[in-house]
Structure formats: C-alpha cells, structure tokens
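The primary structure of each chain is shown beneath.
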Amino acid sequence: MTIGPNFASTEGEHLKLQHRLPVPDYRGAKFDLEVLVNNTIPDENVVRIAVDLACRAPSVHNSQPWQWRYADGQLDLYTERGRILTSTDPSGRQLVVSCGAALNHLQIALIALKWSTDIRRVPEGPHSGHLASIRFRHDARPQSHDFDLLAAIRHRHSDRRPFGPVSVQTPLPTTLAEVARHQDVHLTVLGQGTRPTLAKATELTAAARKYDSAYQAELHWWAGHSTSSGGIPSNALASGDNREGVAIGRRFPDGRDDNATTKIDHSTVLVLSTDTEGRGEWLRVGEALSAVLLESTVAGLATCPLTHMTELNQGREIIRELLPDGGFPQALVRVGVGEGKSPPRQTPRRPIESVFSMARRDPRR
Ligand SMILES: Cc1cc2nc3c(=O)[nH]c(=O)nc-3n(C[C@H](O)[C@H](O)[C@H](O)COP(=O)(O)O)c2cc1C
C-alpha cells in the first residue's frame, strides 16, 4: 500500500480523515501510515526543535548533564553521569535538578507547538539515570502567555550582577508560589532582614571550601572559560566589583561582566524546598525552578539561581531555619531589576547531535 496524492492532499484533510477512515490493516506497508494519521506521534523534527529549546535550560555550571532519546513516539530523558560535578555535587542532586529544568523547558516548547505531554517520572525507580518517559498528544491549545514563556526560554540567562529591588512597577509575579506548588515544591520569599544570615551561610561555605583543592579545581575547570562542551564563559561571570556587590553569590573567579549601574544588590531571594529528599523530588525541583525563572523573565525581572548554600550541611541548616516549615532547601533564586540596556549574556550549549538521538521505528510494531 502506498500513499499518494489521492489519499489526502493537505494536513487538514489528514486530520479530518483520521476520524472517518476505518482502521486499515497496514502491517507491512512501506510507508509509516501510523505517523501520518496518529495524533500521538509527533514528527521527528518537532521533537528535535523542542529538545533544542529544552537544552536552553539552566544547569549547574552549565554542565548540561542530559541525554534525550526518541523512538516509537516516546521521548526519554536520561542523566549523563559523566557530567556529574563530583566535588560540588557528589550525590548528583543538582545534576537531576538541572535535568528537571530541561524537562519543564521541553513541556513549554511543546505546548507552543500544540503538543501536550504525559510524563512518567523516574520510571525505573529512584536509583536509575532514566529520569522521564514522555508521550505526546496533539491537543494543546496554547494561550498568549504560553508564547511569552516560549520567548522567555530564549531571553532568560543567569545574571550575576547586583540587581535593583522588585517594586510596585516591577513586582514579583503572583503566580510563583502556584507554579512551584504544581510540582509539590514549596516556595518561600525571604524578607530583606534575612540578608545577613544568607551572607553568613555564603561566608561559611566559602571558608570551608577555601582549601578544598578538588572543589576549587572543578570550579575553575567549569567557570571562567567555556568550550563547545559546556562551562560558564568569562563574560557571563561578574567582574570583581560587581561580585563584591552581591554578598550572597557563589565565589566564582572574576569575570568580564562589568556593566552595572547598581552597586549593591537589592534583589529578593526565593527558596525552593521539599518535604522529602530523592530523585523524584529533585526532578520536580528542577521543573519548579525552570517555571519560576521563566515566569520572572516574562515579568521583565532578572534572575540567578544560587545553590552553594545548599551544598554543605552547615549552610543548608542555616537556610532550613529560615523556612516556615523546615524541610529540605534545594535551590535559592535571586530576583530583581537588572540592567535593562545590556545585551543578554547567553552561555553556549552543546550541539544537539551530542545530546539527542533517534532510533529507527521497528516496522513490525
Ligand atoms: C541546579 C543549578 C544550580 C546552579 N547554581 C548556581 C550558583 O550557585 N550560582 C550561580 O551563579 N549560578 C548557578 N546556576 C546557574 C548556572 O550556572 C547557569 O544556568 C548556567 O551557567 C547556564 O547559563 P544560563 O542560565 O545563563 O543559561 C545554577 C543552575 C542550576 C540549574
């Protein structure tokens, strides 16, 4: 059986036909008829575009620790274990959070392309690197806010300079707690009175790591230069002056980002936390982190994730005490008014061929 111009000449006709036609027996057919009439199997190019956008997600030290495989109408997300930061993140918590951020970016990209997703998270159990199985339905009806979020994927970047305060003119989006709660993640907005405590947690963490040569080597390997395989380029790191204006930032090497009129950081700090610890929770934290960053970007705010305070027990304990219900602090986010005029400092990403693969469909299935 072949498919010619008489079968259906436009995509619209295909869609109409799929409701009227009896289901043919097309086993052994040369053409993949199922792909044409099935509204659960997106074209490979659609998946490739969505994965490409997903890979714009933030990741710890821009390590991009993900792999995507597409076959038989199912996309699978795996960790790339070789990209774990063994000194900074020995448990792989931030590796999984980074993959969760990419998963949320993927969903946003697909909605704009009119595909909704059914996601099974950690389908092979909590110890596996297989983080998600994604199936598709061609039934999404994107609203204008969905396109705003899509545009934010392109504009968002981590800004390490001092921010001006959120204000009545540029408030925090009211949806932030809700988008986090949607992932079973708590979002706490810290008051300005907590700044000295955050600075203390930062100081303690930096002091504990000053002579940790493995941590320092890892930091300098990933930050301050970048290659096509990842890392944070110098122009995305704050210059010495700008870094000093943000007492609660990770102590990266000095960078070249010196364009700032605000000298002292007046950002608002958010904490994402969970009730329990595990791969499923970390994946959800990444999804929530992505949603919070993109919603803030749509609102015209600058953002920067902060996790150094959650990496060592002392720092994590200090942050936990700032939370109304305790729990496990997973990531903090600085949000504020950035330097409007400066261009986005976008960090490079790995080529899509090195993170995305497609298996040929099995014609007998
Ligand atoms: C789990 C996680 C932890 C991160 N921790 C920090 C951090 O402690 N300090 C910081 O400045 N940026 C942090 N980032 C931001 C990354 O460095 C950033 O996403 C990456 O370099 C890519 O750049 P982009 O966000 O501008 O696209 C973190 C991001 C993620 C997802």
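Please refer to the structure placed before this passage.
Residues numbered from 1 in each chain as written. Predicted model: local features only at pLDDT ≥ 70, side-chain atom pairs only at ≥ 80, totals over all residues.

Details of the packing of helix 4 (residues 93–112) against helix 10 (residues 279–298)
Put simply, helix 4 and helix 10 touch, their axes get as near as 6 Å, and they point 50° apart. The angle between the axes of helix 4 and helix 10 places the two elements in the oblique class. The chirality of how helix 4 crosses helix 10 is right-handed. Listed contacts from helix 10 to Arg93, Val96, Val97, Ser98, Cys99, Gly100, Ala101, Leu103, Asn104, His105 and Ile108 of helix 4 are Arg279, Trp282, Leu283, Arg284, Val285, Gly286, Glu287, Leu289, Ser290, Ala291 and Leu294. Taken together, the residues of the contact of helix 4 with helix 10 break down into 12 nonpolar, 6 polar and 4 charged. (Axes fitted to C-alpha atoms, helices over the stretch in contact; angles between N-to-C directions. Helix = DSSP H or I, 4+ residues; strand = E, 2+ residues; numbered from the N terminus. Parallel < 35°, antiparallel > 145°, perpendicular 65-115°, else oblique. Left-handed = near helix turned anticlockwise from the far one by under 90°. Contact = placed C-beta atoms within 7 Å. Nonpolar A, V, L, I, M, F, W, Y, C, P; charged D, E, K, R; others polar.)

With respect to the pairing of strand 8 (residues 328–336)
Where burial is concerned, most of strand 8 is hidden: 9 out of the 9 residues are buried. Looking at chain direction, strand 6 (residues 268–274) and strand 8 are connected through 7 bridges and run antiparallel. Bridged to Val269 within strand 8 is Arg334. Where strand 7 (residues 302–306) and strand 8 come together, 5 bridges link them in antiparallel fashion. (Buried ≥ 20, exposed ≤ 12 C-beta atoms within 10 Å, placed from the backbone. Pairing = 2+ DSSP bridges.)

So, the pairing of strand 7
With respect to burial, strand 7 is a largely interior element, 5 of its 5 residues being buried. Of the two faces of strand 7, both are covered, the one formed by Ala302, Cys304 and Leu306 as well as the one formed by Thr303 and Pro305.

Some thoughts on the sheet that holds strand 1 (residues 66–71)
Strands sit in the order 3-4-2-1-9 across an open sheet of 5 strands; the sheet is mixed. Looking along the sheet, the strands with just one partner apiece sit at the ends: strand 3 (116–121) and strand 9 (356–358). In this sheet, neighbouring strand axes are inclined to one another by 20° on average, regardless of whether the strands run parallel or antiparallel. Pairing of strand 1 with strand 2 (residues 74–79), which is carried by 6 bridges, proceeds in the antiparallel orientation. Across the sheet, the residue bridging to Trp68 is Leu77, located in strand 2. The sheet contacts of helix 4 involve strand 1, strand 2, strand 3 and strand 4 (130–137), and relative to strand 2 the element is tilted by about 155°.

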